[in-house]
Amino acid sequence: MGLIRTCLFNWAYARHAGGSFVFRIEDTDQERDSEDSYKMIVQALKWLGLDWDEGAEIGGPHAPYRQSQRLDIYKTVVEKLLESGFAYKSFSTPEEIQARNEAAGRPKQMGYDGFDRNLTPAQIEEFEASGRKPSIRLRMPNDDITFTDLVRGAVTFKAGSIPDFVVVRANGQPLYTLVNPVDDALMEINYILRGEDLLSSTSRQIALYNALLELGIAKTMPKFGHLPYVMGEGNKKLSKRDPESNLFLHRENGMIPEGLLNYLALLGWSIAPDRDVFTVDELIKEFEPGSVLANPAKFDAKKCTAINAEHIRRLDADDFKQRVVPYLYGNISEPLLELDLIKQLQSSEPEMPHLTAHKPLTSSDEYDELTDHERRVLDLGAPLIQERIRLLGQAREMLGFLLVDSDALEYEDDALDQVKKISGAREVVQKALELLETVQQDAFTAANLHDKLNQLLVVECGLKPRVAFTPLRVAISGRRVSPPLFESMEILRKLQVVVRLKKFISTPSLII
RNA sequence: GCCCCCAUCGUCUAGCGGCCUAGGACUCUGCCCUUUCACGGCAGCAACACGGAUUCGAAUUCCGUUGGGGGUACCA
């Protein structure tokens, strides 16, 4: 979630300012990077609609955009850094550095001591002759480093507080510390919004950047803005392992991109004092990094869902219907979900609905592959639930009873509890059944059913509407909560309604 | 140890010296609407971490304290 929020703000500001949004993959750590995680990121951005103007997948003027494919470039830059003296070869191993620090009585947390800063050519030759491979370090300048953070204002790092840092491993692999500023320079990045975990390392990057500037590799120093963390439970940064941070789980649950993006934008930013529901277009129009708050925000699933609900209600009716399709049977599997990585992340299985699914759907736009019955349920049912659900996943709870065979309908416990509080529930259903059997299918409309049942049960029998209709709802839906009763009956049609009422009356477990 | 960042209701935030007996949203509670649920409407609970300083006046400026977070890696 944190990464998405960061991405969203970058994207929004690029769109706001008329710039381009560049999507680069920083995969310099072979140990950790995988093709799966790459695919997942691409898939996530596409689903969210965060499109990019140049970068991975689509190319652009600064290709390639995966750092694993830019190794030659880094090699050239490093040579220049070395020649000009901005960087130097360092033969000290971490163990040696620590040993020297301890011997000199410095705290063991102390970092690199600058031992190799001024090795003579002869010393370097000697080390190399002995078979030692150097790492390469950047020579930190002896001045304070100050920059103006887009969200925090002026930030100053004291001179001498940052040791010379490694930019290339002894094995020749360039590190993020080198590669990130180099690519920013080469790709002419001028605005960078990133996580606050990178705030401290900005001092090092600026030092490197200054060297690149002098070498003519960089044209201008980019502006940095460090976004606060998105926190999880406790007061810890939301980690990749937290289910709440898993985009695909949110999608499974039925968050829609509009809702998620809106909620995420609310973390550290606000569009107006008295409003918190807005579209991405409105976000783009108003967003400025300068108005982002500097303090961390906690991810609140309840509010996130509430915002999502607002966006579901705003959906065009037809759009809503289409989006519900993949959730009808609680399965929105896509090829991506076959990835092992996703499977791991989703080890906490979303609970399956009570209804017995007869077939899984495989993608989000298979409305046409629905059966006639399913399509009818959706066409008529979707408008009834659009105001009632907060997550698309709840569609299956709301419409499931309309899709399931009457024999397979199960009564939920809390629905039965409700019925049991009503004495004479069985008689009510019996009366309704007798009445409905006289109604022709072509008169089996919500309005007509409402009139007739109301007349019989409420007016003639003097029952409270609650007493009259609760047993009927449970009889046809098996649930305490359902779409409106009469509309549901109309969708079900006379035959099924009759079958269900009979089933209810004759179910022995319903001792009423 | 050293360096850096942060601090308003439970949560997200508005507030950029007087409009603040601190506003909105989510959550929660009560009520209304209602065939259930939801929507909608109304009401309520609930916050400026602490201490100094500046000022006629401070949530808003400055300093300090406390508390949280990050960096200090041949991770990103």
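Residues numbered from 1 in each chain as written. Chains lettered and ligands numbered in written order. Predicted model: local features only at pLDDT ≥ 70, side-chain atom pairs only at ≥ 80, totals over all residues. Heavy atoms only, no water.

Concerning the pairing of strand 6 (residues 153–157)
Line of reasoning, step 1. Here strand 5 (residues 145–149) runs beside strand 6; their pairing, made up of five bridges, is antiparallel. The residue bridging Ile145 from the neighbouring strand is Phe157, located in strand 6.
Line of reasoning, step 2. The loop that links strand 5 with its antiparallel partner strand 6 comprises three residues. (Pairing = 2+ DSSP bridges. Helix = DSSP H or I, 4+ residues; strand = E, 2+ residues; numbered from the N terminus.)

Some words on the side chain of Asp183
Line of reasoning, step 1. Counting through the fold element by element, Asp183 comes out in helix 6 (residues 176–186).
Line of reasoning, step 2. Separated by 2.6 Å, the side chains of Asp183 and Tyr74 make a polar contact.
Line of reasoning, step 3. Apart from the residues lying within four places of it in its own chain, the contact partners of Asp183 are Arg24, Gln67, Arg70, Tyr74 and Glu188. (Polar contact = N/O pair within 3.5 Å; in protein donor to acceptor, adjacent residues only side chain to side chain. Contact = heavy atoms within 4.5 Å.)

Some thoughts on unusual backbone geometry
Line of reasoning, step 1. Residue Ala63 is joined to Pro64 through a cis peptide bond whose omega torsion reads -5 degrees.
Line of reasoning, step 2. Position of Pro64 relative to the elements: it lies in the loop between strand 2 (54–55) and helix 3 (71–83).
Line of reasoning, step 3. Located in the positive-phi region is Glu57, a residue other than glycine, with phi close to 80 degrees.
Line of reasoning, step 4. Within the secondary structure, Glu57 sits in the loop between strand 2 and helix 3.

Some thoughts on the protein's contact with RNA strand B
Line of reasoning, step 1. Close to RNA strand B lie 57 residues; Arg152, Arg169, Gly268, Glu387 and Arg388 are nearest.
Line of reasoning, step 2. Contacts to RNA strand B include Ser92, whose backbone N or O atom sits 3.4 Å from a base nitrogen.
Line of reasoning, step 3. Of all the secondary structure elements, the ones that give two or more residues to the surface near RNA strand B are strand 6, helix 7 (199–214), strand 11 (297–298), helix 11 (301–314), helix 19 (465–477) and helix 20 (485–506).
Line of reasoning, step 4. The biggest single contributor to the surface near RNA strand B is helix 11, with four residues.
Line of reasoning, step 5. Of the residues contributing to the surface near RNA strand B, the split by class is 24 nonpolar, 12 polar and 21 charged. (Near = heavy atom within 4 Å. Nonpolar A, V, L, I, M, F, W, Y, C, P; charged D, E, K, R; others polar.)

Regarding the packing of helix 14 (residues 372–385) against helix 20
Line of reasoning, step 1. Running from N to C, helix 14 and helix 20 cross one another at 180 degrees; their axes reach a closest spacing of 10 Å. Considering their axes alone, helix 14 and helix 20 lie roughly antiparallel with respect to each other. Judged by residue contacts, Arg376, Val377, Leu380, Gly381 and Leu384 of helix 14 engage Glu487, Glu490, Ile491, Leu492 and Arg493 from helix 20. (Axes fitted to C-alpha atoms, helices over the stretch in contact; angles between N-to-C directions. Parallel < 35°, antiparallel > 145°, perpendicular 65-115°, else oblique.)

Some remarks on the confidence of the model for chain A
Line of reasoning, step 1. Mean pLDDT for chain A: 89, with 92% of residues reaching 70 or above.
Line of reasoning, step 2. The secondary-structure element of chain A with the lowest mean pLDDT is helix 13 (residues 340–345), recorded at 45, while helix 9 (residues 257–265) shows the highest, at 98.
Line of reasoning, step 3. Under a pLDDT of 50 for its full length, residues 331–364 has, in the predicted model, 67 contacts with residues more than four places off or in other chains.
Line of reasoning, step 4. Note on the complex model: pTM 0.92, ipTM 0.96. (pLDDT = per-residue confidence, 0-100.)

Here's the deal with the sheet that holds strand 7 (residues 165–168)
Line of reasoning, step 1. A sheet is described by the order of its strands in space; here three strands give the open sequence 3-4-7, paired in antiparallel fashion. In this open sheet, the two strands that pair with only one neighbour each are strand 3 (87–90) and strand 7. For this sheet, the mean angle separating the axes of adjacent strands, direction not counted, is 45 degrees.
Line of reasoning, step 2. In this sheet, strand 4 (residues 135–138) lies alongside strand 3 in antiparallel orientation, the contact comprising four bridges. The residue of strand 4 that forms the bridge with Ala87 is Leu138.
Line of reasoning, step 3. Sitting on the sheet, helix 3 is in contact with strand 3, strand 4 and strand 7, with an inclination near 95 degrees to strand 3.

Considerations on the nonpolar core
Line of reasoning, step 1. One finds Phe320, Leu453, Phe469, Leu472, Met489 and Leu501 to be the most contacted residues of the largest nonpolar core, which totals 62 residues.
Line of reasoning, step 2. At the level of elements, helix 12 (317–324), helix 14, helix 15 (395–403), helix 16 (413–420), helix 17 (425–437), helix 18 (446–460), helix 19 and helix 20 are the ones that each hand at least two residues to this core.
Line of reasoning, step 3. No other element matches helix 20, which puts 10 residues into this core.
Line of reasoning, step 4. Residue contacts for Leu453: discarding those within four places in its chain leaves Ala432, Leu435, Leu436, Val458, Phe469, Leu472, Phe486 and Met489.
Line of reasoning, step 5. Within the second largest apolar cluster, 49 residues are counted, among which are Met1, Leu8, Phe9 and Phe21. (Core = buried A, V, L, I, M, F, W, Y, C linked by side-chain atoms within 4.5 Å. Buried < 20%, exposed > 50% of the residue type's maximum accessible area, 1.4 Å probe, protein only.)

Let's talk about helix 12
Line of reasoning, step 1. Within the span of helix 12, buried status applies to Phe320, Lys321 and Val324. Angular distribution of buried residues about the axis of helix 12 spans 100 degrees; they occupy a single face of the element.
Line of reasoning, step 2. Where helix 12 is buried, its residues meet helix 11, helix 14 and helix 15. (Arc of directions from axis to C-beta.)

So, the pattern of salt bridges
Line of reasoning, step 1. For the structure on display, the rule yields 26 salt bridges.
Line of reasoning, step 2. The residue Asp318 makes a salt bridge to Lys321 at a minimum N-O spacing of 3.4 Å. Pair noted here: Asp318 and Lys321 are both in helix 12, with a separation of three residues, about one helical turn.
Line of reasoning, step 3. Taking relative accessible area as the criterion, Asp318 reaches 43% and is therefore assigned partly exposed.
Line of reasoning, step 4. The shortest N-O distance in the salt bridge between Lys321 and Asp379 comes to 2.9 Å. With Lys321 in helix 12 and Asp379 in helix 14, this pair connects stretches of sequence that are 58 residues apart.
Line of reasoning, step 5. The exposure class of Asp379 is partly exposed, given its relative accessible area of 32%.
Line of reasoning, step 6. Three or more residues joined by partner-sharing salt bridges are found here, namely Arg24, Glu26, Arg70, Asp183 and Asp184. (Salt bridge = Lys/Arg side-chain N within 4 Å of Asp/Glu carboxyl O.)

Details of the environment of Gly18
Line of reasoning, step 1. By secondary structure assignment, the location of Gly18 is in the loop between helix 1 (2–17) and strand 1 (22–23).
Line of reasoning, step 2. Under the relative-accessibility criterion, Gly18 is labelled exposed at 64%.
Line of reasoning, step 3. With 190 residues separating them in the primary sequence, Gly18 and Leu208 have C-alpha atoms 28 Å apart.

Quick look at helix 3
Line of reasoning, step 1. With 13 residues, helix 3 extends 19 Å from end C-alpha to end C-alpha; this agrees with the ideal 18 Å at 1.5 Å per step.
Line of reasoning, step 2. By the burial criterion, the buried members of helix 3 are Tyr74, Val77, Val78 and Leu81. In a view along the axis of helix 3, the buried residues occupy a sector of 105 degrees, so they form one face of it. Set apart from the buried face of helix 3 by more than 90 degrees, the exposed residues are Asp72, Lys75 and Glu83.
Line of reasoning, step 3. Of the surrounding secondary structure, the elements contacted by the buried residues of helix 3 are strand 3, strand 4, strand 7, helix 6 and helix 7.
Line of reasoning, step 4. Of the residues trailing helix 3, Gly85 is marked for its positive phi of about 85 degrees. (Expected span 1.5 Å × (residues − 1).)

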